[in-house]
Amino acid sequence: MRIALTNATATNEDALHQMPSRRKRLEYAIAAVTLVAIGHLLLGSYNGYRHRFTCVVCRLERADYRSRLRSSASTYNETSCSKWYQSHVEGSHDHVWSPSATMALVNFYGQTIGVGDNFDLPGRAVWKLTPDQQRSIYEHFSNPLDAQVLFVSLTDDAVMKDRTDYRIVDSLRAWMESGFAGSWRHPTRPVPE
């Protein structure tokens, strides 16, 4: 009986000697925490960008995502205007994309970590109208295709010159705020006599 106890005690002592010391366990813990912290910093740093676009014709929204690994994807979001446009004006059309003035830098988790601005992009002024406002403007033009031509013109460099695109949108907003009194008049073209 005594021999069995001694062998059991010897086995327990061998197991204790094989376990890492308290200092070794602390070193392993510090190494693990350091690796997790470095991984989090790498994943939490710049990984790509997200840039939003809207079609100046129907106001369908698109978001482009691009990562450092060169993978890219786009998502699309219907708006009240894009749904209305498709059923009331044209069933399909070529989208005329206007980029948002801001681009978001994102980390691995998709969180925004920075923003870049560029206000000199084609179609910049259409972003001053919500899709609901643009739909309302379409509804108050006698021919919605005339409004479509106007919205597409906002992407033209000649219209962007001297901020004419903003004057057009501001006059559309003023017309809307007046309850669509009368008919809309182009702010830079003379009134026909």
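Residues numbered from 1 in each chain as written. Predicted model: local features only at pLDDT ≥ 70, side-chain atom pairs only at ≥ 80, totals over all residues. Heavy atoms only, no water.

Enquirer: Is there a simple way to think about the packing of helix α4 (residues 131-140) against helix α5 (residues 144-153) in this case?
Expert: Geometrically, a packed helix pair is captured by the angle between its two axes and the distance between the axes. Axis separation between α4 and α5 bottoms out at 7 Å; the angle between their running directions is 135°. Taken together, α4 and α5 sit at an angle that is classed as oblique. When the axes of α4 and α5 are compared, the crossing they make is right-handed. Judged by residue contacts, Gln134, Ile137 and Tyr138 of α4 engage Pro144, Ala147, Gln148 and Phe151 from α5. When its residues are assigned to classes, the contact of α4 with α5 shows five nonpolar, two polar and no charged. (Axes fitted to C-alpha atoms, helices over the stretch in contact; angles between N-to-C directions. Helix = DSSP H or I, 4+ residues; strand = E, 2+ residues; numbered from the N terminus. Parallel < 35°, antiparallel > 145°, perpendicular 65-115°, else oblique. Left-handed = near helix turned anticlockwise from the far one by under 90°. Contact = heavy atoms within 4.5 Å. Nonpolar A, V, L, I, M, F, W, Y, C, P; charged D, E, K, R; others polar.)

Enquirer: Before we go on, may I ask you to explain the pairing of strand β2 (residues 61-67) in this structure?
Expert: Note on strand geometry: in a regular strand, side chains alternate between the two faces of the sheet. Summarising the sheet, strand β1 (residues 48-55) and β2 pair through seven bridges and their orientation is antiparallel. Residue Arg52 lies in a different strand from β2, and its bridge partner there is Ala63. Two successive antiparallel strands, β1 and β2, enclose a turn made up of five residues, where Arg59 displays a positive phi of approximately 70°. Sheet topology places β2 next to strand β3 (residues 72-77); six bridges connect them, and they run antiparallel. Residue pairing across strands places Arg62 opposite Tyr76, the latter belonging to β3. (Pairing = 2+ DSSP bridges.)

Enquirer: Please explain the pattern of salt bridges as it appears in this structure.
Expert: Opposite charge on two side chains allows them to pair when their charged atoms are near. Across all of its chains, the model carries five salt bridges by this definition. The shortest N-O distance in the salt bridge between Glu139 and Arg135 comes to 3.2 Å. With Glu139 and Arg135 both in helix α4, this residue pair falls four residues apart, about one helical turn. A relative accessible area of 29% means that Arg135 is categorised as partly exposed. (Salt bridge = Lys/Arg side-chain N within 4 Å of Asp/Glu carboxyl O. Buried < 20%, exposed > 50% of the residue type's maximum accessible area, 1.4 Å probe, protein only.)

Enquirer: Just to check I follow, could you spell out the sheet that holds β3 for this structure?
Expert: Hydrogen bonds between backbone atoms are what pair the strands of a sheet, whose relative direction is either parallel or antiparallel. Spatially, β3-β2-β1-β4-β5 is the arrangement adopted by the five strands of the open sheet, whose pairing is antiparallel. Taken across any chain shown, the strands that pair with only one partner, and hence form the sheet edges, are β3 and β5 (112-117). Taken pair by pair, the neighbouring strands of this sheet meet at an average axis angle of 25°, ignoring direction. As paired strands, strand β4 (residues 97-106) and β5 are joined by five bridges and run antiparallel to one another. For Val106, the partnering residue across the bridge sits in β5 and is Thr112.

Enquirer: Where do I start with the state of the cysteines in this structure?
Expert: Such a bond, covalent and formed between the sulfur atoms of two cysteines, is termed a disulfide. All told, the structure shown has zero disulfides when counted by the stated rule. Of all cysteine sulfurs in the structure, the one in Cys58 sits closest to Cys55, which takes part in no disulfide; the separation is 3.8 Å. Exposure remark for Cys55: the relative accessible area of 0% places this residue in the buried category. For Cys58, a relative accessible area of 2% corresponds to the buried category. (Disulfide = S-S within 2.5 Å.)

Structural measurements only, silent on function.
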